[in-house]
Each structure stands twice: as structure tokens, then as C-alpha cells.
Amino acid sequence: MSQVASLTLRQPTKDDGAQVYDLIRRAGTLDLNSAYCYILLCDMFSGTCVIAEEEERVVGFLSAFYRPDDPETLFVWQAAVDPAMRGRGLATSMLKELLGREHPQSLRYVEATVSPSNTASRRLFQSFADACGVPISERTADGYSPSMFPAGHAHEAEPSLRIGPLV
Ligand code: 9YT
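Residues numbered from 1 in each chain as written. Predicted model: local features only at pLDDT ≥ 70, side-chain atom pairs only at ≥ 80, totals over all residues. Heavy atoms only, no water.

Glancing now at the packing of aromatic side chains. Evaluation of the coordinates by the stated rule reveals four aromatic pairs. Plain terms: the ring middles of Phe 45 and Phe 65 are 6.5 Å apart, the flat faces sit at 65° to each other, and that makes the pair edge-to-face. Placement of Phe 45 in the loop between α2 (35-44) and β3 (50-54) and of Phe 65 in strand β4 (residues 57-67) is noted, with a sequence separation of 20 residues between them. A relative accessible area of 22% means that Phe 65 is categorised as partly exposed. With a centroid separation of 5.3 Å and an interplanar angle of 35°, the aromatic rings of Phe 65 and Phe 75 are classed as tilted. You can see Phe 65 sitting in strand β4 and its partner Phe 75 sitting in strand β5 (residues 70-81), a full 10 residues away along the chain. Phe 75 gets classed as buried once you look at its relative accessible area, which sits at 12%. (Phe/Tyr/Trp six-rings, centres within 6.5 Å; stacked < 30°, edge-to-face > 60°. Helix = DSSP H or I, 4+ residues; strand = E, 2+ residues; numbered from the N terminus. Buried < 20%, exposed > 50% of the residue type's maximum accessible area, 1.4 Å probe, protein only.)

Below, the structure is given as C-alpha cells:
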């Protein structure tokens with residue numbers, strides 16, 4: 001657990017899932033998954049997820065997991081910041097908190113899929129790569145194309161961003 005001004009960054013518990021769901025809805029820029037999905041993430045993936053909390057209110061959430069086919073790669077699923085908290089580097093703080101934890105194996109890469117309009121996440125990963133002095137590459141073929149989404153659910157492309165190798 002760590003403190004940034006009045007903010008607490010910590011691992012989630014399953015009791016945070018409902019507030020995380022509300023946060024993702026408020027944030028407005030991410031795919032809103034089911035409440036069950038966020039409860040499950042907060043419960044079973046708590047070691048690779050981060051809650052940012054201000055006076056018991058969830059104002060940030062970073063969800064991630066180790067890639068099942070490559071556990072040295074941390075895949076960041078969603079980085080969400082409350083609209084009222086933007087511009088303070090909160091997403092960067094959550095990512096640093098997560099990478100600073102003990103992991104069962106060394107981490108060589110950070111990956112995410114980020115659509116072109118998600119400029120906040122693009123800035124987050126670019127500045128993280130710059131700060132680490134490591135390359136960032138964008139691979140459309142490794143991400144998800146609009147045609148993969150179901151009819152009636154128009155969705156932007158989700159190209160894959162890969163940062164590393166981390167040293
Ligand atoms: C890193 C991040 O926030 N990616 C978003 C992926 C996708 N559009 C989602 O789950 O919202």
C-alpha cells in the first residue's frame with residue numbers, strides 16, 4: 001500500500017467491485033464490463049490490480065494480469081481515472097505501484113491494447129516507456145480489429161502496444 005497526497009493506492013478486494021463498476025461507467029472512455037467481471041477481477045486478480053482511493057471513494061482502477069502464454073508479460077486491461085482526478089498522473093502512479101510489487105517472475109514486457117481515441121492511455125504508456133528508456137511498439141496484427149466485434153457493437157480498432165524489454 002502507498003500514499004500519494006491524500007490518495008491511497010492498494011490492492012483491491014471483492015468488496016471494491018461495485019465501486020469499480022461505477023468508476024468505469026463515470027470515466028466514460030472505456031468498455032464497461034459487467035459488475036460481476038469487476039468483482040471477479042478485484043477478487044481473483046487482486047495481485048495485479050490497483051485501486052486508487054480518496055476518503056474511501058474509488059477514484060482510480062488499473063486492471064492487469066500476467067499473459068497466460070507468457071507470464072513475463074504484464075497485460076494491462078483497463079486504466080481508469082475519475083474525471084475529477086485527471087491531470088495528476090494518477091494512472092502513472094497506479095502503474096508504478098503495480099510494477100513495484102513483488103511478482104512471481106521477473107517482468108520483461110508491459111502490454112495493452114489501446115484504441116486511437118484513448119489518448120490518455122496512449123500518453124500513459126508512451127511516458128512510461130520514455131521514463132524507463134525502453135522501446136514501445138504498436139502492432140495492429142496483435143490487437144483486435146473492428147471486424148472482430150459483434151454486429152451492432154461498433155468498436156474502434158484495439159492495436160496492441162508492447163513496452164520493453166524492461167531492464
Ligand atoms: C489500457 C486500457 O485502458 N485499454 C482499454 C482497452 C479496452 N478498450 C477496454 O477494456 O476499455
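The structure having been displayed, the exposition proceeds.
In contact at an axis separation of 8 Å, helix α1 (residues 17-27) and α2 are set at 125° when each is read in the N-to-C sense. Considered as vectors, α1 and α2 are oriented oblique to each other. Crossing of α1 over α2 shows right-handed handedness. In this structure, α1 contributes Gly 17, Ala 18, Val 20, Tyr 21 and Ile 24 to the contact, and α2 contributes Ala 35, Tyr 38, Ile 39 and Cys 42. (Axes fitted to C-alpha atoms, helices over the stretch in contact; angles between N-to-C directions. Parallel < 35°, antiparallel > 145°, perpendicular 65-115°, else oblique. Left-handed = near helix turned anticlockwise from the far one by under 90°. Contact = heavy atoms within 4.5 Å.)

Moving on: the site of the ligand. Close to the ligand lie Leu 30, Asp 31, Trp 77, Gln 78, Ala 79, Thr 113, Asn 118, Ser 121, Phe 125 and Glu 158, which account for all nearby residues. In the environment of the ligand, an oxygen atom lies 3.1 Å from a nitrogen or oxygen atom belonging to the backbone of Ala 79. Bound to the protein, the ligand loses 94% of the 330 Å² it would expose on its own. Of the residues forming the shell around the ligand, the biggest block, three residues, is contributed by β5. Taken together, the residues of the shell around the ligand sort by class into four nonpolar, four polar and two charged. (Near = heavy atom within 4 Å. Polar contact = N/O pair within 3.5 Å; in protein donor to acceptor, adjacent residues only side chain to side chain. Areas by Shrake-Rupley, 256 points an atom, 1.4 Å probe, with all protein chains shown as cover. Nonpolar A, V, L, I, M, F, W, Y, C, P; charged D, E, K, R; others polar.)

Right, let's get into unusual backbone geometry. Outside of glycine, negative phi angles account for most residues, and trans bonds account for most peptide bonds. A cis amide bond, omega 5°, links Gly 164 with the succeeding residue Pro 165. Here Pro 165 is to be found in the segment after β8 (158-163). The backbone phi angle of Glu 55 is positive, close to 50°, even though this residue is not glycine. Position of Glu 55 among the secondary structure elements: in the loop between β3 and β4. The class of Glu 55 is exposed, set by a relative accessible area of 76%. Within the chain, Glu 56 stands out as a residue other than glycine whose phi angle is a positive 65°.

Once that is clear, we can look at the state of the cysteines. Tallied over the full model, the rule gives zero disulfides. Distance from the sulfur of Cys 49, which forms no disulfide, to the nearest cysteine sulfur (Cys 42) is 6.4 Å. Overall, the relative accessible area of 0% leaves Cys 49 in the buried class. (Disulfide = S-S within 2.5 Å.)

This paragraph deals with the nonpolar core. If you look at the biggest cluster of nonpolar residues, it comprises 29 residues, and the most contacted ones within it are Leu 62, Val 76, Leu 90, Met 94, Phe 125 and Ile 163. Mapped onto this core, the elements with two or more residues apiece are β2 (7-10), β3, β4, β5, α3 (90-99), β6 (109-113), α4 (119-132) and β8. In terms of residues, this core owes the most to one element, α3, which gives five residues. Those residues in contact with Leu 90 that sit more than four places away from it in its chain are Leu 7, Leu 9, Ala 52, Val 59, Gly 60, Val 81 and Met 85. (Core = buried A, V, L, I, M, F, W, Y, C linked by side-chain atoms within 4.5 Å.)

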